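# Structural description and commentary
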Amino acid sequence: MDILVLIGRILFSALFISSGINHFTNGKAMSGYAAAKGVPAPLAATYAGGVLLLAGGLSVLLGVWADLGALLLVIFLVPTAVLMHAFWRAEGQERMLDMIQFQKDVALAGAALMLFALFSFVGDALDLTITGPLFDIS
């Protein structure tokens, strides 16, 4: 099981790590998009999102308090779904695209919550991690 969880961690975290890097390398352009969506303090929000994405993604990937890393990803994904992909405010093709992105973010938040539960419940019994979980829900 450990190797399957490791492969899953690699595949899952790749999206968040690359997106986190993008938040810093293209922060000004991304903050312009966030501003257009009505996000307050868009540049700061873009960089804060990048921190959550990188910290959460790297934590899950490396297995360093991976349960906390999964929660950081949820903290990023839920507000992003609501603020950036509010399909109920859009019309036409933008509505459809925002709905897809909203559903993707909600689904990924659900997967991150499952990872949080897995890491917290299994605890130190899961190999191929650097540290055990921060939380214990067993």
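Before reading further, recall that the structure is shown in the block above.
This write-up is about the structure you can find in this document. Treat the numbers as computed from the prediction; the structure is a model and nothing was measured.

## Re the overall build of the protein chain
- Secondary structure assignment for the protein chain yields 5 helices and 0 strands.
- Seen in sequence order, the protein chain has helices and strands lined up from the N terminus as α-α-α-α-α.
- In terms of C-alpha radius of gyration, the protein chain reaches 16 Å, essentially the compact-globule figure of 14 Å for 138 residues.
- When the backbone C-alpha atoms are referred to their principal axes, the protein chain occupies close to 50 × 25 × 25 Å.
- For the protein chain, the accessible area works out to roughly 7,500 Å², and carbon and sulfur atoms hold 73% of it.
- For the protein chain, the separation between the mean place of its 6 positive charges and that of its 9 negative charges on side chains is 15 Å.

## Quick notes on the layout of surface pockets
- If you add up the space inside the largest pocket, you get close to 570 Å³.
- Along the wall of the largest pocket there are 26 residues; nearest its centre are His23, Met30, Phe76, Thr80 and Met84.
- Looking at the lining of the largest pocket, the elements that each hand over two or more residues are α1 (2-25), α2 (27-36), α3 (42-62), α4 (66-84) and α5 (92-122).
- Ranked by residues supplied to the lining of the largest pocket, first place goes to α4 with 7 residues.
- Among the residues making up the lining of the largest pocket, the classes are represented as 17 nonpolar, 7 polar and 2 charged.

## Remarks on the pattern of salt bridges
- For the structure on display, the rule yields 3 salt bridges.
- One salt bridge in this structure joins Glu94 and Lys37, with 3.5 Å as the shortest N-O distance. Of this pair, Glu94 sits in helix α5 while Lys37 sits in the loop between α2 and α3, and the two are 57 residues apart along the sequence.
- Judged by relative accessible area, Glu94 falls into the partly exposed class, the value being 44%.
- Two residues, Asp98 and Lys37, come together in a salt bridge whose shortest N-O distance is 2.9 Å.

## Thoughts on empty space enclosed by the protein
- Under the criterion given, the structure shown has 1 cavity of 30 Å³ or more.
- Gly63, Ala66, Phe119, Gly123, Leu126, Thr129, Thr131, Gly132 and Pro133 together form the lining of the largest cavity.
- Residues that form the lining of the largest cavity fall into these classes: 4 nonpolar, 5 polar and no charged.

## Section: the nonpolar core
- If you look at the biggest cluster of nonpolar residues, it comprises 18 residues, and the most contacted ones within it are Phe12, Phe16, Val60, Leu73, Leu77, Leu115 and Phe119.
- At the level of elements, α1, α3, α4 and α5 are the ones that each hand at least two residues to this core.
- Contact partners of Leu73, with chain neighbours within four places excluded, come to Phe12, Phe16, Leu52, Leu53, Gly56, Gly57, Val60 and Ala112.

## With respect to the environment of Val78
- Residue placement: Val78 occurs in helix α4.
- Val78 sits in the partly exposed class, given a relative accessible area of 43%.
- Along the chain, Val78 and Phe102 lie 24 residues apart, while their C-alpha atoms are 9.0 Å from each other.

The rules we used
- Residues numbered from 1 in each chain as written.
- Predicted model: local features only at pLDDT ≥ 70, side-chain atom pairs only at ≥ 80, totals over all residues.
- Heavy atoms only, no water.
- Helix = DSSP H or I, 4+ residues; strand = E, 2+ residues; numbered from the N terminus.
- Rg over C-alpha atoms; globule rule 2.2 N^0.38 Å.
- Areas by Shrake-Rupley, 256 points an atom, 1.4 Å probe, with all protein chains shown as cover.
- Lys, Arg positive; Asp, Glu negative; His and termini not counted.
- Charge placed at Lys NZ, Arg CZ, Asp CG, Glu CD.
- 1 Å grid on protein atoms, 1.4 Å probe; cavity = no way out; pocket = protein on both sides within 12 Å on 5 of 7 lines; lining within 4 Å.
- Points joined across faces, edges and corners; volume = space filled by probe spheres on them.
- Nonpolar A, V, L, I, M, F, W, Y, C, P; charged D, E, K, R; others polar.
- Salt bridge = Lys/Arg side-chain N within 4 Å of Asp/Glu carboxyl O.
- Buried < 20%, exposed > 50% of the residue type's maximum accessible area, 1.4 Å probe, protein only.
- Core = buried A, V, L, I, M, F, W, Y, C linked by side-chain atoms within 4.5 Å.
- Contact = heavy atoms within 4.5 Å.

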